[in-house]
Amino acid sequence: MSETEQEIKEKTNALLTKWKSKRGALIMALHEIQGVFGYVPWEAMEVTSRELGIPMARIYAVLTFYNYFKLNAPGKVIVSVCDGTACHIKGAPDIIEGFQRCLNIKDGETTDDGMFHLQIVRCLGCCGLAPVVVINGKTYGKTVATDVPKMVNEWRQKMAEA
Amino acid sequence: MIKLRIDGVDIEVPEGTTILDAAKKIQVEIPTLCYHPDLHPRASCGICVVKVNGKMLRACCTPAEEGMDIITRDPEIIETRRTILKLELSHHPNECLTCIRNECCELQSLASTFGLRERTFKNIIPSKEEMPADDSTKCIVLDPRKCILCGRCVEVCQTIQNVWALAFLDRSIDTHVAPAGDLPLADTPCIKCGQCTAHCPTGALSEYDNSEEVWNMLQNPEYHTVVQIAPAVRVSLGEAFGLEPGTVTTGKIYAALRRLGFKAIFDTNFGADVTIMEEGSEFIERFTKGNGVLPMITSCCPAWVDYMEKFYPDMIPHFSSCKSPHAIVGALAKTYYADKIGIDAGKIKVVSVMPCTAKKFEVIRSKEMFSSGYQDVDVSLTTREIARMIKQAGIDFVNLPEECADNPLGEYTGAGTVFGFSGGVMEAALRTVHYLVTGKEMDEKDLEIKPILGIEKGIKEMTMNLNGKEVRIAVAHGTGNVGEVLNRVREALEKGEEPPYHFIEVMACNGGCIGGGGQPRGVTNEVRMARMKGLMCDDKHSEFRCSHQNPDVQKLYKDFLGAPLSNKSHHLLHTHYEPIPLYKHHPALKK
């Protein structure tokens with residue numbers, strides 16, 4: 001579900017009420033915004049800037065400093081490729097490259113259509129299945145690079161049907 | 001007082017003195033790179049390390065303490081400084097020869113002083129394609145590849161100017177200085193004041209260079225290219241040729257410009273005199289006749305205009321509608337002057353030499369900047385650009401004879417020249433307003449209006465008696481100081497109370513145009529003071545010291561404009577303002 005600009009502004013405005021009178025509230029407010037939208041939209045930054053009296057440059061500096069914050073809506077299909085030690089040795093870099101090429105995005109990015117989000121994660125705790133890929137909760141074990149297009153197609157179809 | 005020992009020499013310094021400043025007292029110049037006397041020390045580079053009781057500390061941000069035993073130089077300290085420089089060079093492009101800061105770069109001179117002959121560490125230098133320069137404002141160029149992350153620009157943009165166009169984004173090896181959203185500067189709150197370019201130690205932030213365009217104009221036989229110089233340029237240009245800050249070189253500048261090939265040499269000070277006639281009359285309209293809102297705020301600083309349109313759009317009705325002096329000279333050059341010499345205005349090209357980067361944007365900022373039917377001012381150069389052009393032409397500036405400016409836009413009064421420093425526009429305005437309201441000239445001893453002169457205080461206030469009526473005045477310089485003044489006005493207006501001021505002068509840069517973003521680098525408060533004194537001296541030695549006494553201004557009104565605020569004046573010499581959003585559009589965000 002994605003909100004319109006107006007909805008983002010209204011929701012942000014509402015949740016900022018309790019932070020207005022508090023000093024040093026910026027990071028907590030941004031956490032809450034990300035909790036609501038899944039990321040921190042530019043419109044929400046603008047509302048935060050106005051309501052808390054903090055320049056956009058400061059807000060944006062904070063958002064880009066902390067890895068936790070996301071500036072874009074995460075994709076509907078989240079592809080997590082493990083690059084922990086075992087997966088790395090078993091060929092995870094090829095899998096990562098496969099997804100990057102197939103989806104034309106890099107680690108941490110979302111496809112232009114908002115469908116796929118690629119993230120590299122560390123150990124998922126099932127090293128016996130290395131290299132491991134998890135897509136929206138479904139685990140794929142002992143993957144090889146040629147599986148990548150199949151996985152992508154499978155999820156494209158699923159999302160089209162849904 | 002605190003007693004300490006530096007390099008074996010016992011000295012006493014006042015409490016709060018840094019080790020860096022204490023060392024200067026015994027002729028020790030500790031090298032610095034990120035430090036700038038205008039700004040709070042960020043201590044980001046580490047080049048100023050010294051040993052305090054055996055421990056390495058940064059001299060720029062460590063206060064001297066009682067009993068400290070400091071060593072500023074030993075082989076280990078020198079080696080540390082060299083290592084810091086080597087690390088800096090590992091991510092700095094090797095493009096000195098083609099860099100705008102060649103021979104005037106602080107990193108380059110340190111590398112030279114410390115005798116670095118090779119790049120020891122592996123280079124991590126992005127290509128120009130990977131990290132393109134941002135010249136979107138056509139005033140300021142941000143080349144992130146040359147940035148050493150010292151933080152001076154961020155400090156000046158955020159703390160001194162309160163603009164917040166620039167910030168440190170990302171972290172670790174990805175850290176860079178850029179506007180929010182990595183937007184082009186032209187789409188951000190940037191007011192083009194250029195203070196970042198005046199403070200940057202390297203070529204990462206510099207003026208947008210229009211000198212080639214001017215050379216081409218001068219070469220084109222079709223064009224009749226004329227030039228004007230701003231008040232503050234005459235007391236700073238000499239610095240580029242080894243003269244002391246504040247040396248008044250007006251006559252030499254006229255001579256140099258004539259030798260460069262300009263067909264007529266005009267002076268923005270003439271425009272300043274006209275500004276006073278218009279703005280002074282506008283103030284009287286508002287103050288004595290109640291036509292328009294009070295306080296009235298001056299509008300000759302384009303960075304300030306940009307700031308107000310972005311940060312205080314509700315104050316637009318308070319702005320004087322009068323154009324800035326160089327815009328006035330531009331408009332008059334393509335109308336009044338064109339008529340006089342019988343040249344088609346389309347063939348006239350007007351070049352302004354300004355202490356300012358924002359003037360480059362001002363020349364196209366609204367349709368009123370085309371009031372002559374053409375772009376009134378074609379190009380605006382900074383002091384730094386004209387200095388380079390004079391050097392390129394091989395002109396021995398220091399030994400030039402003094403020459404005069406040309407008619408009819410060249411004669412000026414002392415009031416025109418004081419426009420160059422904070423408080424000067426107000427002073428010039430009050431000299432003429434006093435005459436226009438009371439019918440009497442001000443006493444010569446009162447012409448210098450002391451309470452609003454000087455650069456120590458960011459906000460200066462005074463009241464003046466005008467025919468029994470009190471005029472409350474405020475003068476602010478450095479946009480970071482403006483908020484306080486405007487918020488007082490806003491509060492009073494919101495409460496329906498009488499505003500605390502009638503007349504407010506604002507200049508965006510610290511000290512006014514003498515400290516402008518396009519001036520020769522290395523500005524400190526001492527340099528600002530010297531330049532200001534130069535202009536005050538120019539004023540004192542002027543035959544006329546009030547704008548309304550300028551015979552050529554009187555002639556202009558008699559022959560051409562009619563009277564101040566006439567229809568013709570309004571068409572050519574006035575402008576309007578519109579609110580501008582801080583951010584013009586949403587960036588494409590990646591993360």
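Thresholds, definitions, all that
- Residues numbered from 1 in each chain as written.
- Chains lettered and ligands numbered in written order.
- Predicted model: local features only at pLDDT ≥ 70, side-chain atom pairs only at ≥ 80, totals over all residues.
- Heavy atoms only, no water.
- Helix = DSSP H or I, 4+ residues; strand = E, 2+ residues; numbered from the N terminus.
- Rg over C-alpha atoms; globule rule 2.2 N^0.38 Å.
- Buried < 20%, exposed > 50% of the residue type's maximum accessible area, 1.4 Å probe, protein only.
- Contact = heavy atoms within 4.5 Å.
- Areas by Shrake-Rupley, 256 points an atom, 1.4 Å probe, with all protein chains shown as cover.
- Lys, Arg positive; Asp, Glu negative; His and termini not counted.
- Charge placed at Lys NZ, Arg CZ, Asp CG, Glu CD.
- Pairing = 2+ DSSP bridges.
- Axes fitted to C-alpha atoms, helices over the stretch in contact; angles between N-to-C directions.
- Core = buried A, V, L, I, M, F, W, Y, C linked by side-chain atoms within 4.5 Å.
- Domains from an automatic or database assignment.
- Patch = residues over 30% accessible without salt bridge, like charges linked within 9 Å, V, L, I, M, F, W, Y side chains within 5 Å.
- Salt bridge = Lys/Arg side-chain N within 4 Å of Asp/Glu carboxyl O.
- Buried area = accessible area lost by both parts, 1.4 Å probe.
- Nonpolar A, V, L, I, M, F, W, Y, C, P; charged D, E, K, R; others polar.
- Expected span 1.5 Å × (residues − 1).
- Polar contact = N/O pair within 3.5 Å; in protein donor to acceptor, adjacent residues only side chain to side chain.

The helix and strand inventory of chain B stands at 18 helices and 17 strands. Taken against the 2.2 N^0.38 rule, which gives 25 Å for 591 residues, the C-alpha radius of gyration of chain B at 25 Å falls within 12% of a compact globule. The principal-axis extent of the C-alpha atoms belonging to chain B is close to 75 × 55 × 55 Å. With 591 residues in all, chain B has 61% of them scored as buried. Counted over contacts in chain B with a minimum sequence separation of 6, partners at least 24 positions apart contribute 74%. Carbon and sulfur atoms form 51% of the exposed surface of chain B, whose accessible area is close to 23100 Å². Distance between charge centroids for chain B: 2 Å, based on 66 positive and 78 negative side chains.

Take the overall build of chain A next. Looking only at helices and strands, chain A has seven helices and four strands in total. Along the chain direction, N to C, the helices and strands of chain A fall in the order α-α-α-α-β-α-α-β-β-β-α. Along the longest, intermediate and shortest principal axes, the C-alpha atoms of chain A span 55 × 35 × 20 Å. Expressed as a percentage of the 162 residues in chain A, the buried residues total 46%.

Further remarks concern the sheet that holds strand β5 (residues 69-71) of chain B. All names here are of chain B. The sheet built from five strands is open, its strands ordered β2-β1-β5-β3-β4 with mixed pairing. One side of each edge strand has no neighbouring strand; the edge strands of this open sheet are β2 (9-13) and β4 (55-58). Direction aside, the axes of adjacent strands within the sheet are offset by 35° on average. By the bridge criterion, two bridges tie strand β3 (residues 49-52) to β5 in an arrangement that is antiparallel. Considered in β5, the bridge of K51 is made with I71.

Residues and elements named next belong to chain B. In terms of nonpolar packing, the biggest core is built from 77 residues, with L166, L237, L257, F262, W304, I386 and I390 touching the most fellow members. Looking at which element gives the most residues to this core, the answer is helix α7 (residues 250-260), with six residues. Of the domains in this structure, domain 2 (91-117 + 130-207) and domain 3 (212-573) are the two that each give at least three residues to this core. Not counting chain neighbours up to four residues away, the residues in contact with L257 comprise V227, I229, F262, I265 and I386.

What follows concerns a nonpolar patch on the surface. Side chains of I27, F65 and Y66 of chain A sit close together on the surface and give an oily, nonpolar patch of about 230 Å² of accessible area. With respect to the helices and strands, F65 of chain A occurs in helix α4 (residues 56-65).

Contacts between the two partners involve 21 residues from chain A and, on the opposite side, 18 residues from chain B. Of the roughly 1900 Å² buried between chain A and chain B, counting both surfaces, carbon and sulfur atoms make up 60%. Interface area lost by chain A to chain B is led by W42, A57 and Y60 of chain A, which between them contribute 32%. Linking chain A with chain B are zero salt bridges, by the criterion used here. The set of elements that each furnish at least two residues to the side of chain A that touches chain B consists of α3 (42-52) and α4 of chain A. Here the side of chain A that touches chain B gets eight residues from one element, more than from any other, and that element is α4 of chain A. Taken together, the residues that form the side of chain A that touches chain B break down as twelve nonpolar, four polar and five charged.

This part takes up the pattern of salt bridges. Any two side chains of opposite charge can pair, so long as their charged atoms come close to each other. All names here are of chain B. Enumeration over the complete set of coordinates arrives at 54 salt bridges over all chains. When the shortest N-O distance is used, the salt bridge between D267 and R234 registers 2.6 Å. With a gap of 33 residues between them, D267 in strand β11 (residues 264-267) and R234 in the loop between β10 (224-229) and α7 connect regions that are remote in the sequence. A relative accessible area of 0% means that R234 is categorised as buried. The partner of R258 in a salt bridge is E403, with the nearest N and O atoms 2.6 Å apart. Linking R258 in helix α7 with E403 in the loop between α12 (383-392) and α13 (414-417), this pair joins segments that are 145 residues apart in sequence. Exposure remark for E403: the relative accessible area of 24% places this residue in the partly exposed category. Beyond isolated ion pairs, a larger network of salt bridges with shared partners links E207, D209, R384, R388 and R521.

Residue and element names in this part refer to chain B. A rise of 1.5 Å per residue sets the reference length of helix α14 (residues 424-438), with its 15 residues, at 21 Å; its end C-alpha atoms lie 21 Å apart and thus fit the reference within 8%. For α14, a buried count of eleven out of 15 residues is recorded, marking the element as mostly surrounded by other parts of the structure. Those residues of α14 that sit buried are G424, V425, M426, E427, A428, A429, L430, R431, T432, V433 and H434. The inward-facing, buried residues of α14 abut α8 (268-288), α13, β15 (459-466), β16 (469-477), β17 (503-507) and α16 (525-540). In the stretch just after α14, G439 is the one whose phi turns positive, near 75°.

Attention now goes to the side chain of D134 of chain B. All names here are of chain B. Inspection of the secondary structure assignment puts D134 in the loop between α3 (106-113) and β6 (140-142). K138 is the oppositely charged side chain nearest to the buried, salt-bridge-free D134, at an N-O distance of 8.2 Å. Engagement of the side chain of D134 in a polar contact is seen with the side chain of S136, the distance being 2.7 Å. At a separation of 2.7 Å, a polar atom in the side chain of D134 contacts the main-chain amide nitrogen of L185. Residues in contact with D134, not counting those within four places in the same chain, are I140, V141, L142, L183, P184 and L185.

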